[in-house]
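The primary structure of each chain is shown beneath.
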Amino acid sequence: IGLFLISIQLFAQKPAFEVVPLGIKGGVDEANLSAYLVAPINTRDYICLDAGTINAGIEKAIANKIFNVPASEVLRKYIKGYCISHAHLDHVSGLIINSPADSSKTVYATKKCMEMMEKHYFNGETWANFGDEGPGFQLKKYHFQTLDIGEETKIKNTAMTVKAFPLSHVNPFESTAFLIQNGNDANLYLEDTGPDSVEKSNHLSELWKVISPLVQQKKLKGIFIEVSFPNEQPDSSLFGHLTPNHLMKELHKLEDLTGKGTLKNFKIIITHLKPPTQNIVKIKEQLQKGNDLGVKIIYPEQGKRFEL
């Protein structure tokens, strides 16, 4: 029985996903903006969650010996598609700039986000329309696939699926959370979002309800979530972002649903840290000090692989 229990524990802890961050910051450093490659463990079938920085991140990963093929091959063959949370430039500029060198694949986004990308970027004027929808001459390299909220969609050429959920990023402007699933395993990616209390929204509360059973069943391997500013930032100047205090309040709301102690050692991957450096240092200190739930806080580094 002892050996059986040990094997069950080992099995339960087995990682399900490989993550290679291509960009991690929330501004200023244009060579290091939000983009995360996620694949089922032991595969090279990556979905790219947001696409602020692509090539510079791939080059960093190659320098770190994560990939042993040229950057062009990672771009064209390893990245199977893109999930774009919202159309702000720090989340899409890598996709736009690298599109001439890319291969045919699918771009997944909600209707509002897709319409913004078609209208403002891939429109035949500010940039060639590499898609199969929207204005201008359609080059049809990318298939623009609109995600319906809460509906499971297969990510082409991978074993994964995605479900999109709305976030509030300066209400009424929307961002998106993506629930990425591979069989029984899942991870949740939230990009730019303000707290419900400031946004006068219930998007985060509704999202916590959806994912709480996955936390209880230990199927959710981790949550990517932004913290852009230190606690000193006034609510009136958050611009649809989180502080350490607001993040912890939101995680307490999740724990209220999942049960006391269920978030102990649960992986929270902090994204979108905004320079300057002294602010990032402060954010990390405040997160550590305010972590009364005992979550495992992970700070991703550009071009450095980790597992979930």
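Everything below is about the structure shown above.
On to the overall build of the protein, then. Helix and strand counts for the protein stand at nine helices and 14 strands. A compact globule built from 308 residues should have a C-alpha radius of gyration of about 19 Å, and the protein, at 19 Å, falls within 12% of that. Along the first, second and third principal axes, the C-alpha set of the protein runs to 60 × 50 × 35 Å. Within the protein, the proportion of its 308 residues that are buried is 54%.

This brings us to the nonpolar core. With 35 residues, the main nonpolar core has Ile54, Phe67, Tyr82, Ile84, Leu95 and Met117 as its most contacted residues. Per-element tally for this core: the top contributor is helix 3 (residues 71-78), with four residues. Here Leu95 is in contact with Ala51, Ile54, Tyr82, Ile84, Val107, Met117, Phe122 and Tyr142, once residues within four sequence places are set aside.

As a further point, take the environment of Arg305. Tracing the chain through its elements places Arg305 in the loop between strand 13 (296-298) and strand 14 (306-307). Take Arg305: its relative accessible area is 35%, and that puts it in the partly exposed class. Linking Arg305 and Glu18, residues 287 residues apart in sequence, is a C-alpha distance of 7.0 Å. For Arg305, the residues in contact, after removing those within four places along its chain, are Glu18, Val19, Val20, Ile41 and Ile66. Here the side chain of Arg305 touches Glu18 through a polar contact of 2.7 Å, side chain to side chain. Separated by 2.9 Å, the side chains of Arg305 and Glu307 make a polar contact.

Here we have seven strands laid out as an open sheet, ordered 7-8-9-10-11-12-13, and mixed in their pairing. Of all strands in the sheet, those with a lone pairing partner are strand 7 (153-154) and strand 13, marking the two edges. Where strand 12 (residues 267-271) meets strand 13, three bridges bridge the pair, whose relative direction is parallel. Counted as the bridge partner of Lys267 is Lys296 from strand 13. Seen against the sheet, helix 8 (residues 244-258) touches strand 11 (220-226), strand 12 and strand 13 and runs at an angle of roughly 150 degrees to strand 12.

All right, on to the packing of helix 2 (residues 55-63) against helix 3 then. The interhelical angle for the contact between helix 2 and helix 3, taken along N-to-C directions, is 115 degrees, at an axis separation of 9 Å. Judged on the interaxial angle alone, helix 3 and helix 2 are roughly perpendicular. Between helix 2 and helix 3 lies a crossing whose hand is right-handed. Across the interface between the two elements, Asn55, Ile58, Glu59 and Ile62 from helix 2 touch Ala71, Val74 and Leu75 from helix 3. Looking at the contact of helix 2 with helix 3 residue by residue, the class counts come to five nonpolar, one polar and one charged.

Moving on, we come to the sheet that holds strand 14. Across the sheet, which stays open at both edges, the seven strands sit in the order 6-5-4-3-2-1-14 with mixed pairing between neighbours. Strands at the two margins of the open sheet, each flanked by one partner only, are strand 6 (142-147) and strand 14. Two elements, strand 1 (residues 17-23) and strand 2 (residues 35-40), share six bridges in a ladder whose sense is antiparallel. Its bridge partner lying in strand 2, Val19 is registered against Val38.

This brings us to the pattern of salt bridges. Within the structure shown, the criterion is met by twelve salt bridges. Between Lys80 and Asp45 there is a salt bridge; the shortest N-O distance is 3.8 Å. Placement of the pair is Lys80 in strand 4 (residues 79-83) and Asp45 in the loop between strand 2 and strand 3 (46-49), with a sequence separation of 35 residues. Given the relative accessible area of 25%, Asp45 is considered partly exposed. One salt bridge in this structure joins Glu301 and Lys304, with 3.3 Å as the shortest N-O distance. For Glu301, a relative accessible area of 44% translates into the label partly exposed.

Analysis parameters
- Residues numbered from 1 in each chain as written.
- Predicted model: local features only at pLDDT ≥ 70, side-chain atom pairs only at ≥ 80, totals over all residues.
- Heavy atoms only, no water.
- Helix = DSSP H or I, 4+ residues; strand = E, 2+ residues; numbered from the N terminus.
- Rg over C-alpha atoms; globule rule 2.2 N^0.38 Å.
- Buried < 20%, exposed > 50% of the residue type's maximum accessible area, 1.4 Å probe, protein only.
- Core = buried A, V, L, I, M, F, W, Y, C linked by side-chain atoms within 4.5 Å.
- Contact = heavy atoms within 4.5 Å.
- Polar contact = N/O pair within 3.5 Å; in protein donor to acceptor, adjacent residues only side chain to side chain.
- Pairing = 2+ DSSP bridges.
- Axes fitted to C-alpha atoms, helices over the stretch in contact; angles between N-to-C directions.
- Parallel < 35°, antiparallel > 145°, perpendicular 65-115°, else oblique.
- Left-handed = near helix turned anticlockwise from the far one by under 90°.
- Nonpolar A, V, L, I, M, F, W, Y, C, P; charged D, E, K, R; others polar.
- Salt bridge = Lys/Arg side-chain N within 4 Å of Asp/Glu carboxyl O.

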